[in-house]
Amino acid sequence: MLEKLLTAQKRYYVWLLFLLCVIAGCGLVYLQQLQEGLTVTGMSRDVSWGLYISQFTYFVGVAASAVMLVLPAYFHHYRQFKRMIIFGEFMAVAAVVMCALFIVVDLGQPQRMLNVMLHPTPNSVMFYDMLVLIGYLCLNIIIGWVTLEAERMDTDPPKWIKPLIYLSIIWAFSIHTVTAFLYAGIPGRHYWLTAIMAARFLSSAFCSGPSILLLLLLIVRRLTNFDPGKEAVKTLSTIIVYAMCINVFFYLLEIFTAFYSQIPGHEEPIAFLFTGHGGHLYWVSYWMWAAVAMAFLSLAILIPPQWRTNPTLLPIALVMLVAATWIDKGLGLLIGGFTPNMFEEVTPYMPTGREIAVALGVYAIGALVLSLLWKIALGVKKEVNHFGG
Amino acid sequence: MNKSRRSFLKIAGLSAFALSSGITGLTGEAHAKIAPGSYAHGGNALSAKRWAMVIDTRKFKDSQDYEPLIEACHKAHNVPHIPGRQNIKWFWLDSYAHVFPDDMNAHLDERTSAASWPLLCNHCTNPPCVRVCPTQATYKMEDGIVAMDYHRCIGCRFCMAGCPYGARSFNFMDPRAHLTNPVPNPDFPTRMAGVVEKCTFCAERLAVGQLPACVEAAKGRILFGDLEDPASEVRKALAANYSIRRKPSLGTQPGVYYII
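Computed from a prediction, not measured in an experiment: that's the story for all the values here.

S.K.: Just give me the short version of the overall build of chain B, but keep the residues and values in it.
M.R.: From N to C terminus, chain B includes nine helices and 10 strands. Here chain B holds 260 residues, and 48% of them are scored as buried. Restricting to contacts in chain B with at least 6 residues of sequence separation, those with at least 24 account for 64%. Carbon and sulfur atoms make up 57% of the accessible area of chain B, which totals about 13100 Å².

S.K.: Can you tell me about the nonpolar core, naming the residues and giving the values?
M.R.: With 202 residues, the main nonpolar core has A:W49, A:F87, A:Y183, A:W192 and B:M53 as its most contacted residues. When sequence neighbours within four positions are dropped, the list of residues in contact with A:W192 reads A:W49, A:Y183, A:A184, A:I186, A:M197, A:L333, A:L334, A:G337, A:F338 and B:A161. Counting residues in each nonpolar core, the second largest holds nine residues, with B:V54, B:L223, B:V234 and B:Y257 among its members.

S.K.: Break down the packing of helix α11 (residues 283-302) of chain A against helix α13 (residues 313-338) of chain A for me, with residues and values.
M.R.: When two helices pack together, their arrangement is given by the angle between their axes and by how far apart the axes lie. Residue and element names in this part refer to chain A. For the pair α11 and α13, interaxial distance at closest approach is 8 Å and the crossing angle is 145°. The chirality of how α11 crosses α13 is left-handed. Across from W283, V284, W287, M288, A291, M294, A295, L297, S298, I301 and L302 in α11, the residues of α13 making contact are L313, L314, A317, M320, L321, A323, A324, W326, I327, L331, G332 and I335.

S.K.: An account of the interface of chain B and chain A is requested, with residue identities and associated values reported.
M.R.: Residue-level contacts link 46 residues of chain B with 39 residues of chain A. Of the roughly 3500 Å² buried between chain B and chain A, counting both surfaces, carbon and sulfur atoms make up 54%. Among the residues of chain B in contact with chain A, B:R85, B:I154 and B:F158 are the three that bury the most area, contributing 19% of the side total. For the pair chain B and chain A, the interface holds two salt bridges. Of the charged contacts, one joins B:R157 and A:D106 as a salt bridge, the two residues approaching to 2.6 Å between their closest N and O atoms. On inspection of chain B and its partner chain A, the count reaches 32 residue pairs in polar contact (both at pLDDT 80 or more). Partitioned by chemical class, the residues of the side of chain B that touches chain A number 26 nonpolar, 11 polar and nine charged.

S.K.: Got a sec to walk through the pattern of salt bridges? Specific residues and values, please.
M.R.: If the charged atoms of two oppositely charged side chains come close together, the side chains can form a pair. On inspection of all chains with the given rule, the structure shows 16 salt bridges over all chains. The salt bridge involving A:R152 is made with A:E383; its shortest N-O contact spans 3.3 Å. You can see A:R152 sitting in helix α6 (residues 125-153) and its partner A:E383 sitting in helix α14 (residues 353-383), a full 231 residues away along the chain. For B:R191, the salt bridge identified is with B:E197, shortest N-O distance 2.8 Å. Taken individually, B:R191 and B:E197 each receive the classification buried, so the pair is uniform in this respect.

S.K.: Describe the environment of A:L148, and please don't skip the residues or the numbers.
M.R.: All names here are of chain A. Checked against the element boundaries, L148 lands in helix α6. In this structure, the C-alpha to C-alpha distance between L148 and Y166, residues 18 residues apart in sequence, is 17 Å. If sequence neighbours within four positions are ignored, L148 has contacts with M1, I86, F90, I376, A377 and V380.

S.K.: Outline the environment of B:A217, listing residues and values.
M.R.: Residue and element names in this part refer to chain B. With respect to the secondary-structure elements, A217 resides in helix α8 (residues 213-218). Judged by relative accessible area, which is 19%, A217 ranks as buried. Along the primary structure A217 and I70 are separated by 147 residues, whereas in three dimensions their C-alpha atoms are 8.9 Å apart. Excluding residues that lie within four positions of it along the chain, A217 makes contacts with P68, L69 and A72.

S.K.: If you had to explain the packing of aromatic side chains to someone new, which residues and values would you point to?
M.R.: As enumerated under the stated definition, the model contains 35 aromatic pairs over all chains in all. On the numbers, 4.9 Å between centres and 80° between planes, the contact of A:Y78 with A:F81 is edge-to-face. Residue classification places A:Y78 among the partly exposed positions, given a relative accessible area of 22%. A relative accessible area of 0% means that A:F81 is categorised as buried. Centroid distance A:W192 to A:F338: 5.2 Å. Interplanar angle 85°. Geometry classified as edge-to-face. With A:W192 in the loop between α7 (161-184) and α8 (197-224) and A:F338 in helix α13, this pair connects stretches of sequence that are 146 residues apart. You'll find A:W192 and A:F338 in the same group, each marked buried. In this structure an aromatic cluster arises from ring pairing among A:W49, A:Y183, A:W192, A:F201, A:F338 and B:F158. Of note, A:K375 hangs over the ring of A:Y12, and the distance from its end group to the ring centre comes to 5.3 Å. Just above the ring of B:F170 sits the side chain of B:R157; from NZ or CZ to the centre is 4.9 Å.

S.K.: With reference to specific residues and values, describe the domain arrangement of chain A.
M.R.: All names here are of chain A. For chain A, the domain assignment lists domain 1 (1-184 + 352-389) and domain 2 (186-225 + 241-350). On a C-alpha basis, the centroid separation for the pair domain 1 and domain 2 is 22 Å. At the interface, 42 residues of domain 1 touch 33 residues of domain 2. When the buried surface of domain 1 facing domain 2 is broken down by residue, D46, Y58 and Y183 rank first, second and third, together holding 22% of it.

S.K.: Which residues make up the pairing of strand β10 (residues 256-259) of chain B, and what are the values?
M.R.: Residue and element names in this part refer to chain B. On β10, burial covers both faces: V256 and Y258 on one face and Y257 and I259 on the other are all buried. Note that strand β1 (residues 51-56) and β10 share four bridges and pair parallel. Opposite I55, over in β10, you have Y258 as the bridge partner. Note that strand β9 (residues 243-244) and β10 share two bridges and pair antiparallel. Bridging from a neighbouring strand, I244 pairs with Y258 of β10.

Definitions and limits used
- Residues numbered from 1 in each chain as written.
- Chains lettered and ligands numbered in written order.
- Predicted model: local features only at pLDDT ≥ 70, side-chain atom pairs only at ≥ 80, totals over all residues.
- Heavy atoms only, no water.
- Helix = DSSP H or I, 4+ residues; strand = E, 2+ residues; numbered from the N terminus.
- Buried < 20%, exposed > 50% of the residue type's maximum accessible area, 1.4 Å probe, protein only.
- Contact = heavy atoms within 4.5 Å.
- Areas by Shrake-Rupley, 256 points an atom, 1.4 Å probe, with all protein chains shown as cover.
- Core = buried A, V, L, I, M, F, W, Y, C linked by side-chain atoms within 4.5 Å.
- Axes fitted to C-alpha atoms, helices over the stretch in contact; angles between N-to-C directions.
- Left-handed = near helix turned anticlockwise from the far one by under 90°.
- Buried area = accessible area lost by both parts, 1.4 Å probe.
- Salt bridge = Lys/Arg side-chain N within 4 Å of Asp/Glu carboxyl O.
- Polar contact = N/O pair within 3.5 Å; in protein donor to acceptor, adjacent residues only side chain to side chain.
- Nonpolar A, V, L, I, M, F, W, Y, C, P; charged D, E, K, R; others polar.
- Phe/Tyr/Trp six-rings, centres within 6.5 Å; stacked < 30°, edge-to-face > 60°.
- Lys NZ or Arg CZ within 6 Å of the ring centre and 35° of its normal.
- Domains from an automatic or database assignment.
- Pairing = 2+ DSSP bridges.

Take a look at the structure:
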C-alpha cells in the first residue's frame, strides 16, 4: 500500500517538503539543546517540567481518543464510523510517536533512555507508561494496517484482529489513566494529588481528540472530496459535546473541593492560575481565562443541535474547544502543579523561543507521520471507491 | 549468488551469536561483582541501621553561623555556584514560613520567624523520589541513605516532581563550567549536564570513617547517628528536646530533625 505515496498531487509533496524543512530547522535547535543542556528552556529548579511534558500529556489524550470511534464501531456495531475509523487509528499512531519524542527531548541524558528497559522498575509509573505507550503504538499500527489491507481487498479483516481491536479499546483507557497516575500519585503537589485526575484526563481527551480528528477530516474533505459521512460527523460531534460537558463538570468539582474546604494547599495553585500572586497577574492567567471563555463558548455553540450541525459554526466551536482543553492540560496542569513550589513560593515559568521551536519540530514530525499514513488510507479508499460523498 | 548469500548469512548469524554470548558472559560477570552483599564495609567505616540528623537550631544565632557548613558541604562535593533559577542546592537556608509552611502562624515569635533555617535532603524512610525513579538511579541504601547514581540517571526529573521538600537539583547546564580548576575536592566526582543531584548524607565520607562535612563543620551543633540505636547521640537528643520535621503529614518519614 506504500505505493499510494508515490502517486500524489504536487501540492502534497510541497507540503511534505515544508514539513521536512521545519523538522530540519527545529532539529538544529534540538542539537543546540543537546550541546548546551536543558538550560536553553525556561524550566528551572522549581518548575522542572514544562512545555515538553505538558505536550506529551496532551498527545497521550489525543492518541487515546481514537477509542471514541473504535468503541461505537466494534462494541455497538455502529456502521457509520467504519469509513473514518482508520483515520482515528492512524492519528493515534502519529500522536504516540509525538508523545515518545516529547519525552526524549525532555530528557537530560537522552542517550541513556533505554535504562528504563535495562533496569525495569515496577514501582515507577513511568515504567508502565512506557509499556502501555509502546503497546498502544503497536496495536494501532497492526490494526490500522490489517483492516486497511482488508478494505483494499474488499474482504473482511482476518478473525485474529478482532481480539486485538477489543484489547486496543481497553488499552486506550489504560494509556491515559497511567499518564494521569504520573501526576496523581505524587505527595505534596496539591494540584495533582486528586483522585479525579484520570477521569479528568479521559474526559478532556475524549472531547479534544475527536475534535482534532474532525477538524482534520473537514480539511481533508476540502482537499480530496473524501466524505466522512454526514451521520458520522453528527454522532461524533454529539460524543464531543458529552465529553466536553463532563470535562468542564470535573473541573468545577475540583474548584468546589478546593474553595469550599478552603485548605490553602488546594486553593493556591488554582488561585495562582486564575488570579496570579501578590496582586501580580502572570501571562498564564490570561490564557486560563481565555480557556474558560472558549470552553463555555464552544459548549454554547455545540449543545443546541441546530448550531452543532451548522457547517460554519461547527469548526469554529471545535477550534475553541481544542484551544481550551490544550490550555487546561497543555499549560495549566504543569504550571499549576509546580506553582507555588515546595516552599510556597512562586517561580514564574515561560517557555523560551528555543523550547517552543523544539516542540514545533515534534509537532512537524507528528504532522509528517499523519500525512503519510492518511495519504495511504485515502489512496486505498479512493481505489476501492469508499470515498463517499 | 544465492549460495554466497546463504553462507554470508550463516557467518553473520554465527558471529552475532558469538558476540552476544560473549557480551552476556561479560555482563554476567559484572553483575556478579556488584551483587548486593558482596562488598564488605571498610575497616574504619561508620555504619548504622538508619542514619539520621538532628540539627540543634537553638545554637545557631543567624545565617552567618551556617555559612561554614554550607561551604564545607559545597567544597566536599564540588557543588557549583550557578546564579539564577537553574541553580544547584545541596545545603541551603530559607525562612521558617518556607521551610515549615504547615506550621506557620502570623504571630510567631521573632526568633523563629526571623531566623534562617537549614535545608538539605531529608533521606526519607519512605522516599517518593525513589518510588518514582524509572531507572533506580536514585535508591535507598541499607543504612537509610537515599543515594544517586549519576551515571544511570536519564534526567527525566520525575524525582524532582516527586520530592515534596525541593531537595533535588537538575544540571540544566555543564556544572564544570562553574567550578574552579582544579575542582575543590578532586576525590569526589563532578557531575555532567542532564542529571539530577542532591545531598548524599556524605555516604562517601562515612565509608572512610568521617562524619558528614556539615556535621563536622557544625562543631557539635548538628548531631548525626543511628536512629535505631537507643543509646545513640541523636536518640538521646530527640528524647531530651522538642523536635520537628518537615511536612510530616505526607508520610515520608524524614530523617532530618530540627530541635526548635
